[in-house]
Amino acid sequence: MGNEKDFFSAKQTIEDTHSFAGKNAYQWAHACRYMPDGFTYSIFTESRRMAYLYEMYVEAASLRSPGGKIVIMKSAQMGLSEFGINVALWFMDMEEEPALYMLPTEPQLGAFVEARLDHVIASSQYIRQGFSGETDGVSLRTGWDQNLNLRSAGLVDRISDFSASLVVMDERDQMSTESVAMAYARQDATRNKWKVLFSSPSLVECGIHLEYLGGSRGKFALFCPECGEYVVPEWPDSANRNHPNSVMCPSYDHELDKMNGKWIHAVPNAPYKSYSIDSFASPTVSAGEMLDRDDAIDGDPVRMKAFFNLMLGQPTVELKE
Ligand SMILES: [Zn+2]
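This section reports on the structure supplied with the text. As the structure is a computational prediction, the values presented were derived from the model and not from experiment. (Residues numbered from 1 in each chain as written. Predicted model: local features only at pLDDT ≥ 70, side-chain atom pairs only at ≥ 80, totals over all residues.)

1. Topic: helix α10 (residues 301-311)
Every buried residue of α10 is accounted for by Phe307, Phe308, Asn309 and Met311. Residues of α10 that are buried make contact with α9 (287-297). (Buried ≥ 20, exposed ≤ 12 C-beta atoms within 10 Å, placed from the backbone. Helix = DSSP H or I, 4+ residues; strand = E, 2+ residues; numbered from the N terminus. Contact = placed C-beta atoms within 7 Å.)

2. Overview of the nonpolar core
Counting residues in hydrophobic clusters, the biggest one holds 81 residues, and the most contacted among them are Ile72, Val87, Ala88, Ala99, Met102, Leu166 and Val168. Per-element accounting of this core gives the leading share, nine residues, to helix α4 (residues 80-95). Contact partners of Ala99, with chain neighbours within four places excluded, come to Ala88, Phe91, Met92, Leu148, Asn149, Ala164, Ser165, Leu166 and Val168. (Core = buried A, V, L, I, M, F, W, Y, C linked by C-beta atoms within 7 Å.)

3. A short note on the packing of helix α2 (residues 25-32) against α4
The axes of two packed helices give the description: the angle between them and the distance between them. It is the contact of α2 with α4, at a shortest axis distance of 9 Å, that shows an interaxial angle of 90 degrees. Here α4 runs roughly perpendicular to α2, going by the angle between their axes. Mapping the contact onto sequence places Ala25, Trp28 and Ala29 in α2 and Asn86, Val87 and Trp90 in α4. Across the contact of α2 with α4, the residue classes tally to five nonpolar, one polar and no charged. (Axes fitted to C-alpha atoms, helices over the stretch in contact; angles between N-to-C directions. Parallel < 35°, antiparallel > 145°, perpendicular 65-115°, else oblique. Nonpolar A, V, L, I, M, F, W, Y, C, P; charged D, E, K, R; others polar.)

4. Quick word on the pairing of strand β6 (residues 166-170)
For β6, the buried fraction is high: five of the five residues fall into the buried class. Because side chains alternate across β6, one face comprises the buried residues Leu166, Val168 and Asp170, and the other comprises Val167 and Met169, equally buried. Here four bridges tie strand β2 (residues 99-103) to β6, and the two strands are oriented parallel to one another. In the sheet register, Leu100 faces β6, and the bridge partner there is Val167. Pairing geometry for β6 and strand β7 (residues 194-199), over five bridges, is parallel. When the bridges of β7 are listed, Asp170 appears paired with Phe198. Taken together, β6, helix α7 (residues 177-185) and β7 form a β-α-β motif whose crossover is right-handed. (Pairing = 2+ DSSP bridges. Right-handed = clockwise from strand over helix to strand, strands pointing away.)

Right, here's the structure in full:
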């Protein structure tokens, strides 16, 4: 007794999961993408909390069509490549159009495809079944009958002869203007023409920083229980040797709540959303490490640039000879 009903409800559950998962790339990845630890993808685990990504996932699912764009200027190691993969796969499955995922160099692309993307496909049954289509070296995977084109900005003449409605640029500031233009030209005959750009910044008012300035200029704020409001952490005032594992209220000796953050956009009605994120939001970098790294600069301009671009996610002015 009840078998037929159980069968029916199991089928219904799968359908419900898929329709819920289709809402955005986070719900999609959380429902079907298995991680090396055996759990599905999550940005809300206590040990590796990346809740700052959630608004980006929601935004990426509601971009205007055609021509939507989302821009993220970031410090290193903030989980954005995972974000880019999830958005690209979700887009192919749900929007049913081809995508382009672009990295700066051919070695970076090879490592990305073999060590990361192929693992994502192989380790999740739902995705593996979707990806039974064509593959070609490191330049093409086919899932749900849509091509995922994989290219490096370094080989400009290979960014041709294919269509991609979604273009994901991973480390935009290491790509030439010519290869970026070639990538956008792949969108001409497509429906959505969406752009997802993320990068550590390089120079002030160039590349990702210029894109950031043209958007909503979001910053990630953390709740201060003592001030009773959300405040944006600031370097160096939010790093304090006496509280090496905490992010401090920039004006007072208050510890901010890293588990309670939200985005504040300076220009909410800008033509597209842009986000700036630094290591204060990182699940793996402590304020103490940021201070250690700052001490190690020791007047070296190259280390100074790396600290600002990669640790603080801030652009720098050109070094004078
Ligand atoms: Zn405070």
